[in-house]
Amino acid sequence: MLCSAEGTSQYHSMFGIGRDLKSSSSPIPLLEQERPGEVAQGHVQVGHPEQGRLRGVCRTPQHPIASPLSPPDLYRKVFVFRKDPSDAYVVLRAGLEQPLHNFTVCLRSYTDLTRPHSLFSYATKAQDNEILLFKPKPGEYRFYVGGKFVTFRVPEGRGDWEHVCAGWESATGIAEFWLNGKPWPRKGLQRGYAVGAEAAILLGQEQDAFGGGFDVYNSFSGELADVYLWDTGLSPDKMRAAYLSLRLPPAVLAWKSLSYEVKGDVVVKPRLREALGP
C-alpha cells in the first residue's frame, strides 16, 4: 500500500519478481538533439516476444555494425500500456553506485485514467517508495522520497500530454515540482535523507516490495515517453528545456539511450504527433 538507473547485475535478482496480480493542451515537441536526418546505430527491444528481434541495424564508417546489446532508439516513440487494469510494467536499468543526495526525474504521460496510478517507481530493499511519482486522482500529484510524500494540486488535464519534473535536494529538504514547463510552489520533504543506490526502477506499477508487490488498480494505462533521471538538481532553464525537449545534460536514465526490459503487455509505438513548441 502507499505510505504518508547500464550496470545490470543488481537487477538479476528481481527480473520476473512482480506478481501477476498483486494543464496544458500542448503537443509533444521534437527532440532538438535528435533530428530526422540522424542515423540510429542499431537497437534491440527486450522482453516482449513480438518485439524481441534485432531491428534498425545500420552500417556506418564509424560503426560497421551495431551490437545487439546497444540500447534501443526511442526517438519519436512511446511506451503504450494497453490494458486497464494491468499487471504490465517496464524495468529500467541505471548505473548508480552511490546514494542520491539530489535528483531530478522527468517524464511525459498521456492517459484518460481517473483512478489512482503510478508513473515512476524507484524501490530499494529497505524502502519500497524510495522515489515515487504517483497520481491519486485528476488534478493531484504525489511526490515520494523515502516513504514520505508531498502533494501538488494542479489543474485537471484536458485530454492531452502532461510533462512533469520532480526534483529534490537532501541538504535543504526542498522538493520541486514542474508541470508543462511551469514551477509549482516548493515544499519541504525528507531533509538530510539519502536515497539508496541499489534499486528496482519501474514504469507503470507501484512497488509494495522490491521489484514486485503490485496492485493492478494502481497500475498505469496509456502512453509514457521522455523518461529521464538525473543525480543532481536541474536549473529552471533546464527544467523548461526538458519540457520543450531541447538539449539536456547527461543523465543516469535518458530517453535517447534508455536501457529497459518490457514485462507484460507494453508495446513500443511511434508518437502520434510531432509538432514543435508549446
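In what follows, the structure referred to is the one given above.
Reading the values: rules and limits
- Residues numbered from 1 in each chain as written.
- Predicted model: local features only at pLDDT ≥ 70, side-chain atom pairs only at ≥ 80, totals over all residues.
- Heavy atoms only, no water.
- Core = buried A, V, L, I, M, F, W, Y, C linked by side-chain atoms within 4.5 Å.
- Buried < 20%, exposed > 50% of the residue type's maximum accessible area, 1.4 Å probe, protein only.
- Helix = DSSP H or I, 4+ residues; strand = E, 2+ residues; numbered from the N terminus.
- Salt bridge = Lys/Arg side-chain N within 4 Å of Asp/Glu carboxyl O.
- Pairing = 2+ DSSP bridges.
- Axes fitted to C-alpha atoms, helices over the stretch in contact; angles between N-to-C directions.

(A) Up close: the nonpolar core. In this structure, F79, L92, F103, F120, Y122 and F143 are the most contacted members of the largest nonpolar core, which totals 62 residues. Of all the elements, strand 15 (residues 222–230) adds the most residues to this core, at six residues.

(B) Spatial organisation of the pattern of salt bridges. The final tally for this structure, using the stated rule, is 11 salt bridges. Salt-bridge contacts for R82 lead to D265; the nearest nitrogen and oxygen are separated by 2.7 Å. Within this pair, whereas R82 is found in the loop between strand 3 (77–81) and strand 4 (89–92), its partner D265 is found in the loop between strand 16 (260–263) and strand 17 (266–270), the two being separated by 183 residues in sequence. A salt bridge links E140 to K137, with the shortest nitrogen-to-oxygen separation between them at 3.8 Å.

(C) Here's a closer look at the sheet that holds strand 9 (residues 148–153). The sheet built from seven strands is open, its strands ordered 9-8-7-6-14-4-16 with antiparallel pairing. Two strands bound the open sheet, and with one partner strand each, they are strand 9 and strand 16. For this sheet, the mean angle separating the axes of adjacent strands, direction not counted, is 25°. With three bridges joining them, strand 4 and strand 14 (residues 200–203) adopt antiparallel strand pairing.

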